[in-house]
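Here is how the chains run, residue by residue.
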Amino acid sequence: MATLNEKKTCSERMENFRRFVWNPETKLFMGRTLINWVWISLYYLAFYVVMTGLFALSIYSLMRTVNPYEPDYQDQLKSPGVTLRPDVYGDRGLQIYYNTSENKTWERLVTTLQTFLTAYTPAAQHLNINCTGDKYFIQDTFDGPNNTKLSCKFTSDMLQNCSGIADPTFGFPEGKPCFIIKMNRIIKFYPGNGTAPRVDCTYVGDESRPLEVDYYPANGTFNLHYFPYYGKKAQPTYSNPLVAVKFLNLTRNVELKIVCKIIGAGITFDNVHDPYEGKVEFKLKIED
Amino acid sequence: MVKKKSDIYSVEINGIKDLEKTETGDEEKYKDLKGNKKKKNEDLKKELDLDDHRLSASELEEKYGTSINKGLSSSRAAEILARDGPNSLTPPKATPEIVKFLKQMVGGFSILLWIGAVFSWISFGIQYAQGAESPFDNLYLGVVLALVVILTGIFAYYQEAKSTNIMASFSKMIPQQALVIRDAEKKELPAEQLVVGDIVEIKGGDRIPADIRLISAQGCKVDNSSLTGESEPQSRSCDFTHENPLETKNIAFYSTTCVEGTATGIVINTGDRTVIGRIASLASGVGNEKTPIAIEIEHFVYLVAGVAISIGVLFFIISVSMRYKILDSIIFLIGIIVANVPEGLLATVTVSLSLTAKRMAKKNCLVKNLEAVETLGSTSIICSDKTGTLTQNRMTVAHLWFDNQIYSADTSEDQTTQPFDQSSPSWTALSKIVTLCNRAEFRPGQENLPIMKRVVVGDASETALLKFAEVILGDVMTIRAQNKKVAEIPFNSTNKFQLSIHETDDPNDKRFLLVMKGAPERILERCSTIMINGKEEPLDSEKAEAFQTAYMELGGMGERVLGFCHLYLPENEFPDTYPFDTDSMNFPTSNLCFVGLLSMIDPPRSTVPDAVSKCRSAGIKVIMVTGDHPITAKAIAKSVGIISATSETVEDIAKRLNIPVEQVNRRDATAAVVNGMELKDMSLQQLDDILCNHSEIVFARTSPQQKLIIVEGCQRQGAVVAVTGDGVNDSPALKKADIGIAMGIAGSDAAKNAADMVLLDDNFASIVTGVEEGRLIFDNLKKTIAYTLTKNIAELCPFLIYIIASIPMPIGTITILFIDLGTDIIPSVALAYEKAESDIMNRRPRNKKKDRLVNEQLAVYSYLQIGIIQSVGAFVTYFTVYAQQGFLPSTLLGVRVNWENNAINDFEDSYGQQWTKYQRMYLQWTGYTAFFVSITVQQVADLIIRKTRRNSIFQQGLFRNKVIWVGIFSQIGIALILSYGLGHVTALNFTPLRFQYWFVAVPFAILIWVYDEVRKLLIRRYPGSWWDKNMYY
């Protein structure tokens, strides 16, 4: 057993290691002859080339099978997510805190909104068409340029008081801030089942407490002619319809918890795991 | 000569002590054993410090404050008992249970997992302090990792404890009683309560309860074999016969047995202070060596831990330099560690070993230490006892000589008839003598037992003769009753014969029949005629010559020969009423008629020759070590094949060539019979020479202590040595051996304590089945490990690609744990049930330095080939799932930061759809599940290919090992349950997967199978080729 218990000194170990790396007697480099190393390297090279090829082939055939216009499944996208602008996230979700007397605190919120709305200027929307019908804009054919489908125009002026045109500060300094609610795009999703879905904002947990809100466009609806969405390839210029909400009677210096839900058939907002499905919750605190 | 003998003890007892010192090199050891004999002798004497044998009875009374007639008073005895402690051997210090338990908690991979857990908690702490949104993930992960360690630790501990418990129940003894004189009364006391100064009485059959100085003895004989290895009982008297306490006749030693007679003595040493107690404590000083499998597992753990740590650190550095946050890098590190460590493997190994242990227990090998299961498989030398292990441990009639002819008798275990020619009238006469001149009797009430199994009262030879007669003639007791015994002279060592006079069973024949048996030469001396074919013929020199030849031939076979003669006393001289007097011997005891010879031997067990030849083809050297006479030892060795029919010893060659022994070239002799006396005078180099140069070795007349020297000699050759033993004095050798095997029936408790394994049937053949199981488990563990290691790559690659390509995490840490500890456990245990691919008993024992459990080929083939195929398969599934849900592979690259950002709830996919964080997370979990399922599916293929290492699966049979299928179904079943049953429990990160995703990796599973079949085919086709060397693990 003595052989197994030999305690090697450090220098012996180093020496052993050196012999392992290059053994001059047997001409072994790391336990193999050089030619052996070449062979084994070539084998592995070939092996990995083949494996890479197989992988590439698999991905290639995968790409051949997927539809370029719409995904095969929308298992996770049963109900659209809802987002809010300006979006400032704190530790526990959206937290919009500002001080009316300190310009800096709200200016960045205003900037966010302005930046966000640049995508909705008439110039940005010039490729889209004006739609008027209050029905789903169903297109079975590709009528747009370059084999695309048409998208409806949504410009920021539709948000009226919250468009940032009349009031570039979106009512923030007055304590009557505008927020923009956006519904996530889902391909071939028909919200509301024929009725336009609308935004409804309340205090969290206390829906009876009156919250004075102005909705733009009127009634806070998303017009049906923006739906369905046909995907990026079919509608490259599509932009989400928006609803702006302007809170009129907010108590100052108190943290308010507000939820804006989208009411409409096919849109659920009771998923306990997903706080942004069909609704958006946020905390708002206006100090002065 | 006697004086010299004490040298043996002193050297060897101290020789053991040497082992405790660090082994500073052979040089010094040689010197120690050779040169310092004298000093050692002094040491021992000092140590033994016994002069009680020199003292007279009255001096003894004075010394121990006792009275020979009255004994100690109870109160005095109680005082001494309180001072000295009970009269029992302290069991070897067992490792405290808590230490064993903690060892399981920190051994092996546990350390790595603890590190992972601690990192998890640290990152939780940091995140919590920073107030991040969901820091509890890391807390849970840490808890889960800790739980994994603790649970696998508890499991391993439980397995260990279970196998130890078998032994514990085994070693429980019935408390021994001793007859003590105390307060002038005889009392039965438990032997444990004996104290120094007690007067005890012993009688035949008792175990000596302590070291005792005899004061009076009547025909007392003790069997000292457990102490000195001398198998002949030695007489004991109250005379001081030798200076050396071990030699003198007036001391009887603890744990030896009194064979016959009675004696009274004073207890002079109790418990650990007895001679046996000292030897036993020396035995516990012999360090336990690590078992070969423990070394292999350690090697494997180092290997995997090395890979885990180096990849972990490498990617920690990469992720830090890729500007990941330190915290994230730590989390990656945890993932890499968890992915690399096969959490379930050590538990699996334990289970596999204990399954084998169970299987071995069924075949009468009880394994005390789980790891010893494999040690037996790597054994290259077995040092076996003769008596009881190789032989049946009972005298049996082997040959007969009558009518000038030698007949062989059946010596198998379950003889019912004897095949030799029984028609001669000489046989009738001989059988009558055998039947009548015999004092042995069956214990009553055994009529239903086979004759060979019946218990007999009487000594070994007489028992053999009784059974022999019973088999051939039928009811011996009736025959004896019909031939009433009228006088008898029992055997004694001066006469060397036994005689009895009987009436005949023929009512018309009024003559008395005198029958006699004894040492053949003595019997012949008393004969003037010899019976040939039933006729008395004068015993002339020619016939005497024939007798001599037969006697020599039988004796040369190592058999104990007895001569038989008879005489019909003339009716006129010895009428019915003749008063036979055995003291004055008023009847003729010479000029008798010689009838025949019977020779007896303790025959080899019938399974042994086959087992020995199996050992031989398995490359295992079998060395016989016995206390018996060299001739007998050699005869048995020849008959069981330890010395093969064609090989010769130096002495044989000398005899054949008619030259002196010294002129024989020692290299020509393949066999050697070494006498214990020669061994004593040998230097270690000489011993090494013998062990090296002879393939067939018998050590005869060896003391158990010399066994230790032999074992060490074998170990110096680099062999893995298995040693069998039963006596207390074997325990140092048993401990020193790589695997000590104690006899379950004949073994002493000390031997069983020191051994790693107990042979329940004392049969050598059981060792061989054990070897077979041990080799099989080594092969199967290789398969298990290869199976388990493969998927580690498929678990690790996701992390590496996640870090480098910033794709969404393909597999979660918890999911990995579900593979390692869920789906993979039963299949990897199932591989332990795999049958051997070829005759594993036809190859040499593995070289413990070269044939590693986990060798380079195994690791490389699993990690870099099959593991890679698995990873590719799993990634294809992963990309398929993401692509079909909206994220094409091109979109996924580099997406990690935004993907994981809680503040982005309108994350755009390849089709322009927008996803909230939770929707993305759910998709990510679907990805985990898909990845998990792919690994599982490919592990099924991996499991199938691991069934064999060389043969095609079709050669091995896909369905022969049913447990594999249990494994496969359990694997799939667990995966189904996790996905569809627990898919809604968000904490587990599983989702109900679309059914078709189960099949994405199937082509890759098939590829694995085909690739491995090709590998095996090429290995079989081109043995020794570059491919064989690099691809065979």
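Here the structure is a predicted model, which is why all the values come from computation and not from measurement.

How each quantity is defined
- Residues numbered from 1 in each chain as written.
- Chains lettered and ligands numbered in written order.
- Predicted model: local features only at pLDDT ≥ 70, side-chain atom pairs only at ≥ 80, totals over all residues.
- Heavy atoms only, no water.
- Contact = heavy atoms within 4.5 Å.
- Buried area = accessible area lost by both parts, 1.4 Å probe.
- Salt bridge = Lys/Arg side-chain N within 4 Å of Asp/Glu carboxyl O.
- Polar contact = N/O pair within 3.5 Å; in protein donor to acceptor, adjacent residues only side chain to side chain.
- Helix = DSSP H or I, 4+ residues; strand = E, 2+ residues; numbered from the N terminus.
- Nonpolar A, V, L, I, M, F, W, Y, C, P; charged D, E, K, R; others polar.
- Pairing = 2+ DSSP bridges.
- Axes fitted to C-alpha atoms, helices over the stretch in contact; angles between N-to-C directions.
- 1 Å grid on protein atoms, 1.4 Å probe; cavity = no way out; pocket = protein on both sides within 12 Å on 5 of 7 lines; lining within 4 Å.
- Points joined across faces, edges and corners; volume = space filled by probe spheres on them.
- Buried < 20%, exposed > 50% of the residue type's maximum accessible area, 1.4 Å probe, protein only.
- Disulfide = S-S within 2.5 Å.
- Phe/Tyr/Trp six-rings, centres within 6.5 Å; stacked < 30°, edge-to-face > 60°.
- Lys NZ or Arg CZ within 6 Å of the ring centre and 35° of its normal.
- Core = buried A, V, L, I, M, F, W, Y, C linked by side-chain atoms within 4.5 Å.
- pLDDT = per-residue confidence, 0-100.

Caption draft 1: Local environment of the interface of chain B and chain A. Contact residues are listed per partner, giving 58 residues for chain B and 55 residues for chain A. Across the interface of chain B and chain A, roughly 4,700 Å² is buried in total on both sides, 56% from carbon and sulfur atoms. Linking chain B with chain A are 4 salt bridges. For Lys 182 of chain A, the salt bridge goes to Asp 906 of chain B, with nearest N and O atoms at 2.8 Å. Linking chain B with chain A are 24 residue pairs in polar contact (both at pLDDT 80 or more), by the criterion used here. Of all the secondary-structure elements, those providing two or more residues to the side of chain B that touches chain A are helix H31 (856-885), strand E28 (914-915), helix H34 (917-945), helix H37 (1002-1021) and helix H38 (1026-1031) of chain B. If you tally residues by element for the side of chain B that touches chain A, the top one is H31 of chain B, at 14 residues. Taken together, the residues that form the side of chain B that touches chain A break down as 26 nonpolar, 20 polar and 12 charged.

Caption draft 2: The sheet that holds strand E22 (residues 671-675) of chain B, seen in detail. Residue and element names in this part refer to chain B. Sheet architecture is open: 8 strands sit in the order E8-E26-E25-E24-E9-E21-E23-E22, paired in mixed fashion. The two strands at the open ends of the sheet, each matched to only one other strand, are strand E8 (365-367) and E22. Taking each pair of neighbouring strands and ignoring which way they run, the sheet shows an average axis angle of 20°. By the bridge criterion, 4 bridges tie strand E24 (residues 721-725) to strand E25 (residues 739-743) in an arrangement that is parallel. Residue pairing across strands places Ala 722 opposite Ile 739, the latter belonging to E25. Seen against the sheet, helix H21 (residues 630-640) touches strand E21 (621-625), E22 and strand E23 (696-700) and runs at an angle of roughly 145° to E23.

Caption draft 3: Just the sheet that holds strand E5 (residues 93-99) of chain A, in detail. Residue and element names in this part refer to chain A. Strand order in the open sheet made by the 5 strands is E4-E5-E11-E10-E7, with mixed pairing throughout. If you trace the sheet from one side to the other, it starts and ends with strand E4 (89-90) and strand E7 (198-203), each paired once. Strand direction decides the pairing type here: strand E10 (residues 256-263) and strand E11 (residues 279-287), joined by 6 bridges, are antiparallel. Across the sheet, Cys 260 pairs through a bridge with Val 280, a residue of E11.

Caption draft 4: Spatial organisation of empty space enclosed by the protein. Counted by the stated rule, this structure contains 9 cavities of 30 Å³ or more. A volume near 70 Å³ is recorded for the second largest cavity. Classifying every residue of the lining of the second largest cavity gives 7 nonpolar, 2 polar and 1 charged.

Caption draft 5: Up close: the pairing of E10 of chain A. Residues and elements named next belong to chain A. By the criterion of burial, E10 is predominantly enclosed, with 6 of the 8 residues buried. By the bridge criterion, 6 bridges tie E7 to E10 in an arrangement that is antiparallel. Looking at E10, one finds that Asp 200 is bridged to Lys 261.

Caption draft 6: View of the state of the cysteines. All names here are of chain A. The full count for this structure, using the stated rule, is 3 disulfides over all chains. Through a disulfide, Cys 131 is tied to Cys 152; the S-S separation comes to 1.9 Å. Here the disulfide of Cys 131 and Cys 152 is left-handed, its torsion about the S-S bond being about -95°. Remark: Cys 152 occurs in the loop between helix H4 (103-117) and strand E6 (178-183) and Cys 131 occurs in the loop between H4 and E6; sequence separation between them is 21 residues. Cys 131 gets classed as buried once you look at its relative accessible area, which sits at 19%. Judged by its relative accessible area of 3%, Cys 152 falls in the buried class. Disulfide partner of Cys 162: Cys 178, at an S-S distance of 1.9 Å. When the S-S torsion is -75°, as for the bridge of Cys 162 with Cys 178, the disulfide is left-handed.

Caption draft 7: View of the packing of aromatic side chains. Scanning the model with the defined rule gives 63 aromatic pairs over all chains in all. Geometrically, the ring pair formed by Tyr 44 of chain A and Tyr 48 of chain A is tilted, given 5.9 Å between the ring centres and 40° between the ring planes. Pair noted here: Tyr 44 of chain A and Tyr 48 of chain A are both in helix H3 (residues 34-65), with a separation of 4 residues, about one helical turn. For Tyr 44 of chain A, a relative accessible area of 11% corresponds to the buried category. According to the relative accessible area criterion, Tyr 48 of chain A is partly exposed, its value standing at 28%. Ring geometry for Tyr 407 of chain B versus Phe 420 of chain B: centroids 6.1 Å apart, planes at 50°, classification tilted. Here the residue Tyr 407 of chain B occupies a position in strand E11 (residues 405-408), and Phe 420 of chain B occupies one in the loop between E11 and helix H15 (425-436), the gap between them amounting to 13 residues. Considered together, Tyr 407 of chain B and Phe 420 of chain B belong to a single accessibility category, that of buried residues. For Lys 149 of chain A, the ring lying beneath its charged end belongs to Phe 142 of chain A, and the centroid distance is 4.9 Å. Directly above the aromatic system of Tyr 97 of chain A lies the positively charged group of Lys 285 of chain A, at a separation of 5.9 Å from the ring centroid.

Caption draft 8: Broad picture of the nonpolar core. In terms of nonpolar packing, the biggest core is built from 217 residues, with Val 199, Cys 201, Val 245, Phe 247, Ile 258 and Phe 282 of chain A together with Phe 764 of chain B touching the most fellow members. At 19 residues, the largest contribution of residues to this core is made by helix H28 (residues 764-805) of chain B. Once residues lying within four places of it in the same chain are set aside, the contact partners of Phe 247 of chain A are Gly 175, Lys 176, Pro 177, Phe 179, Cys 201, Leu 211, Glu 212, Val 213, Ile 258, Cys 260, Phe 282 and Leu 284 of chain A. Counting 36 residues, the second-largest nonpolar core is a separate cluster that includes Val 434, Leu 436, Val 471 and Val 595 of chain B.

Caption draft 9: Broad picture of the confidence of the model for chain A. All names here are of chain A. For chain A, per-residue confidence averages 88 on the pLDDT scale, and 97% of positions sit at 70 or higher. Confidence scores differ between elements of chain A, with helix H1 (residues 2-5) showing the lowest mean pLDDT of 38 and H3 the highest of 94. This model gives residues 1-6 a pLDDT under 50, and the stretch forms 10 contacts once residues within four places in sequence are excluded.

Caption draft 10: Focus on the pairing of strand E19 (residues 560-569) of chain B. All names here are of chain B. Most of E19 sits inside the fold, with 8 of its 10 residues counted as buried. Sheet analysis places strand E16 (residues 512-518) next to E19, joined by 7 bridges and oriented antiparallel. Looking at the pairing, Leu 513 lines up with Tyr 568 of E19. Across 7 bridges, E19 lies against strand E20 (residues 592-601) in antiparallel orientation. Within the sheet, the bridge partner assigned to Leu 562 lies in E20 and is Leu 598.

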